[in-house]
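Below are the chains, spelled out letter by letter.
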Amino acid sequence: MSRIVIQEDRCKGCLLCTTVCPTQIIAQSDRFNQSGYKVAEVPAEDMEKCTGCTSCALICPDLAIKVYRTPKKKKGDE
Amino acid sequence: MSEQLVFDRPQSVIDRPTHYCPGCHHGVAHRLVGELLDELGVAEDAILVASIGCSVFLYNYLNVDAVEAPHGRAPAVATGVKAARKDKFVFTYQGDGDLASIGMAEVLHAANRGENIAVVFVNNTVYGMTGGQMAPTTLIGQRTTTCPSGRCLEHEGAPIRMTEIIAGLGGATFAARASLNNVKNIRQAKKYLRKAFQCQIEKKGFGFVELLSACPTNWKLNPVDANERIKTEMIPYFPLGVFKDALDEGGAC
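Attention in this report is confined to the structure presented alongside it.

**Some thoughts on the sheet that holds strand β3 (residues 65-68) of chain B**
All names here are of chain B.
Right, so step 1: Spatial ordering of the open sheet is given by β3-β2-β4-β5-β9-β8-β10, a layout of 7 strands whose pairing is mixed. Each edge of the open sheet is held by one strand with a lone partner, namely β3 and β10 (241-245). The mean angle between the axes of side-by-side strands here comes to 15°, regardless of whether they run parallel or antiparallel.
Right, so step 2: Looking at chain direction, strand β8 (residues 172-179) and strand β9 (residues 206-212) are connected through 7 bridges and run parallel. Of the residues in β9, the one forming a bridge with A176 is V209.

**Considerations on the interface of chain B and chain A**
Many analyses report the size of an interface as the accessible area lost when the parts associate.
Right, so step 1: With 25 residues of chain B in contact, the opposing surface of chain A contributes 25 residues.
Right, so step 2: Counting only elements with at least two residues in the side of chain B that touches chain A, the list comes to β1 (4-7), α1 (26-39), α8 (183-201) and α10 (223-237) of chain B.
Right, so step 3: Class assignment of the residues belonging to the side of chain B that touches chain A gives a composition of 14 nonpolar, 7 polar and 4 charged.
Right, so step 4: As judged from the 3 bridges shared by strand β4 (residues 65-69) of chain A and β1 of chain B, these two strands associate in the antiparallel manner. By the bridge assignment for β1 of chain B, Y68 of chain A is matched with L5 of chain B.

**Things to note about the nonpolar core**
Right, so step 1: Judged by nonpolar contacts, the single largest core of 96 residues is most densely connected at C17 of chain A together with V120 and F208 of chain B.
Right, so step 2: Looking at this core, the element that brings in the most residues is α8 of chain B, giving 7 residues.
Right, so step 3: In contact with V120 of chain B, not counting residues within four places along its chain, are A29, V33, F91, T92, Y93, L193, V209 and L211 of chain B.

**Quick look at helix α3 (residues 74-84) of chain B**
Residues and elements named next belong to chain B.
Right, so step 1: Taken across its 11 residues, α3 has 8 buried, putting it largely inside the fold.
Right, so step 2: Looking at α3, one finds that the buried residues are A74, P75, A76, V77, A78, T79, V81 and K82.
Right, so step 3: Contacts made by the buried residues of α3 are with β2 (46-50), β3, β4 (89-95), α5 (104-113) and β5 (118-123).

What counts as what
Every chain's residues receive numbers from 1 upward, in the order its sequence appears when written. Throughout, the order in which chains and ligands are written sets their labels, letters from A for the former and numbers from 1 for the latter. Restriction of local features to residues with pLDDT of at least 70 applies here, the model being predicted, together with a cutoff of 80 or more for giving and counting side-chain atom pairs; totals for whole chains, interfaces and linings are based on all residues. Paired strands, in this sense, are two strands between which DSSP finds at least two bridges. Helix and strand assignments come from DSSP, with helices taken as H or I runs of at least 4 residues and strands as E runs of at least 2, each series counted from the N terminus. A fitted line through C-alpha atoms represents every axis, and for helices the fit uses only the stretch in contact; the resulting angles, taken between N-to-C directions, go from 0 to 180 degrees. Once C-beta atoms have been placed from the backbone, residue pairs whose C-beta atoms lie within 7 Å are recorded as contacts. Residue polarity is assigned by list, with Asp, Glu, Lys and Arg as charged and Ala, Val, Leu, Ile, Met, Phe, Trp, Tyr, Cys and Pro as nonpolar; anything else, Gly included, falls into the polar class. For the purposes of this analysis, a nonpolar core is taken to be any set of buried Ala, Val, Leu, Ile, Met, Phe, Trp, Tyr and Cys residues that are connected through C-beta atoms within 7 Å. A residue is called partly exposed when the number of other C-beta atoms within 10 Å of its own lies between 12 and 20, exposed at 12 or fewer, and buried at 20 or more, with C-beta atoms placed from the backbone.

See the structure below:
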């Protein structure tokens, strides 16, 4: 399973990440951070849909997204 | 199998919040430059010549030695830095108000002399830091604080296409234009920047990359619409691609 971690105090709520996600799982949350921006988030139930493509991290102007990827098991592996 | 961290901040970019507005593409450009300094192994030898504009505090965000140049004079300062320290990697990072307006003479002559430096040119068609005045690259019909009814071809002339001008000079080795509006274009931008930096590392001359970027605040758009404007209005006028590549021919000189 892949996942992203959004550093909420850096997010400026520009929502560019929501436009490039191929699975459309990133959305604006109801929370405000200390700077007063409404941050982006991935709802916990959607996180398993993350493919680890890094598109959101590539377009994030504030380097607020870290991407973790678990390599897929090859066929025949135990 | 254990999970791997596949995307993180490059070492050359300092872990610090930036002062840019939401959706400003300076952050993406900083990251691309930082990643390349790390990947090419020149971060320790790099000397940044920063310009005036929103990117004026670039020395706070990139972990390299820096000189702050007067408005528009970054290529002239870089020429001096390179002449004094030939072993260092010297690059400038300038906006369109800095490079295409007040700094037009400096960048043209540095390119024409074939100075062995790299220039990163961030074009957002407006003076960002001073409050959204008309820049030489402002598109026809675009409203700014100094052309409130839109730029008029008759009175203010046509927007300047810098990359084409640089490519037309004999001394330039590499000139390309990329955009930062989507993932594909960002990847392409990194390839162009790598080539421009490679020019200098291989001592082949002047490398120039123009990056089309958004200024949501001064365009009076939200970041997502501003990104869309790059695609619908800027790219048709500022075509993307490589305009000059003399790297394989051994450089321009």
